[in-house]
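Coordinate analysis (summary)
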Amino acid sequence: MSKCLTKYHGEIEYSENDVVQFERGPFGFESNSRFIMLVPPTMTPLVFLQSLSTPGLCFLALPILVVDRNYKLTLGTEDRRAAVLPVERQPVIGEDVLCLAILTLQQGLPTTANLMAPVVVNLDNRKAVQAISSEGSYSHRHIFTQAAAACS
Amino acid sequence: MLVMRRRTGEAVLIGNDIEIHILSIHRSNVKIGIKAPRSIPVCAREVELVRQENLVAALSMYDPPAFMSQLRQVFERDSVQDISDQKTDMKREALNGKDQSKEAPCRQVQSPR
């Protein structure tokens, strides 16, 4: 077991089996390629995507079907290759992959979810990619709740 | 915005150093070739949008109890099902997959302080 410092959860222990590995980290954070997903039981279904190399980097995320129950995942061939997924078909959420939408919380503004570029995690091997959807109509700022974000 | 029409094989020049070539057109898809100095970053617009959004998302500092109560309100508003059932179902499906042998690599932790 290894230890890491987290943004919201103090110091935690994790094993290599917990690590989600990006070929290249999320856009803007390409050098952060190793993350773990933290799921406090009382905060279901919220997922904290915590960087292992940068303690202060932790994205809040929700399973994408929680944000949009009809979400259609369309990954380009390059993204399927990056997540080591079969190239001949689209992956199925919940069977092949876990699909998360990163949330943005800003003081005084509605909380939004990035449906344009979900984080896709291969359930077999934990390879991950932030994939920009080939489907043109999803927003990078899908309003999740109209209420102003609960920010400190 | 400067608007012009181009056919396959034609090009657009921007300044002295940038060329945009229309390589092929197939249905609603255009293949574009871009010649530019390395010092000028070139990327699809969505990439830059997502990069900016990730940066803002990374700066989010949230208040756990207030945010959880917002989440619960959203679920109450959106569904007539029992909230805990829906969240459990969605969590189980989204995180663990329909095939229970494929465990999602999630770490259970205490709620943040």
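To keep things clear, this report deals only with the structure shown in the data block. (Residues numbered from 1 in each chain as written. Chains lettered and ligands numbered in written order. Predicted model: local features only at pLDDT ≥ 70, side-chain atom pairs only at ≥ 80, totals over all residues. Heavy atoms only, no water.)

**Digging into the overall build of chain B**
The condition is simple: Every helix listed is a DSSP run of H or I at least four residues long, and every strand listed is a run of E at least two residues long, numbered separately from the N terminus. Throughout, exposure labels follow a simple rule: accessible area from a 1.4 Å probe, protein chains only, divided by the maximum for the residue type, with under 20% read as buried, over 50% as exposed, and the rest as partly exposed. Here, two residues are considered to be in contact whenever any of their heavy atoms come within 4.5 Å of each other. Only the protein chains shown count as cover for residues, with accessible areas throughout obtained via the Shrake-Rupley method and a probe of 1.4 Å.
Scanning chain B from terminus to terminus reveals 3 helices and 4 strands. When the helices and strands of chain B are listed from N to C terminus, the series reads β-β-β-α-α-α-β. The 113 residues of chain B split such that 29% are buried. Counting only contacts in chain B whose residues sit at least 6 apart along the sequence, the fraction spanning at least 24 positions is 3%. As presented, chain B carries roughly 8200 Å² of accessible surface, and 52% of it is formed by carbon and sulfur atoms.

**Some points on the sheet that holds strand E3 (residues 29-35) of chain B**
Residues and elements named next belong to chain B. Inclusion rule: Should DSSP find at least two bridges between two strands, the strands are taken to pair. Axis angles are defined between N-to-C directions and span 0 to 180 degrees, where every axis is a line fitted to C-alpha atoms and, for a helix, only to the segment in contact.
In spatial order, the strands read E1-E2-E3; together these 3 strands make up an open sheet with antiparallel pairing. The open sheet is flanked by strand E1 (11-14) and E3, the only strands paired with a single partner. The mean angle between the axes of side-by-side strands here comes to 25 degrees, regardless of whether they run parallel or antiparallel.

**Some points on unusual backbone geometry**
In this structure, the amide linkage connecting Thr44(A) to the following residue, Pro45(A), adopts the cis form with an omega of 0 degrees. By secondary structure assignment, the location of Pro45(A) is in the loop between strand E4 (34-38) and strand E5 (47-51). Phi at Val84(A) is positive, roughly 55 degrees, even though this residue is not glycine. In the Ramachandran plot, Arg27(B) falls in the positive-phi region, its phi being about 55 degrees despite a non-glycine side chain.

**A word on the layout of surface pockets**
The condition that has to hold: Whether a set of points on the 1 Å grid over the protein atoms alone is a cavity depends on a 1.4 Å probe fitting there but being unable to get out, while an open set qualifies as a pocket with protein on both sides within 12 Å along at least five of seven lines; lining residues are those with an atom within 4 Å of a point. Grid points are joined across faces, edges and corners, and a volume is the space filled by probe spheres set on the points. Each residue is assigned to one of three groups, with Ala, Val, Leu, Ile, Met, Phe, Trp, Tyr, Cys and Pro labelled nonpolar, Asp, Glu, Lys and Arg labelled charged, and all others, Gly among them, labelled polar.
Taken as a whole, the largest pocket encloses approximately 310 Å³ of empty space. Arg24(A), Phe27(A), Asp79(A), Val129(A) and Gln130(A) are the residues nearest the centre of the largest pocket, which is lined by 18 residues in total. Every element with two or more residues in the lining of the largest pocket is listed here: helix H2 (77-82) and strand E10 (127-130) of chain A together with helix H1 (45-59) of chain B. Looking at which element gives the most residues to the lining of the largest pocket, the answer is H2(A), with 4 residues. Looking at the lining of the largest pocket, its residues break down into 8 nonpolar, 3 polar and 7 charged. Each pocket or cavity is described by its volume, and for the second largest pocket that value is around 260 Å³. Lining the second largest pocket, in full, are Met4(B), Arg6(B), Val12(B), Ile14(B), Ile18(B), Ile20(B), Ile22(B), Val30(B), Ile32(B), Ile34(B), Ile40(B) and Val42(B). Those elements that provide at least two residues to the lining of the second largest pocket are E1, strand E2 (18-26) and E3 of chain B.

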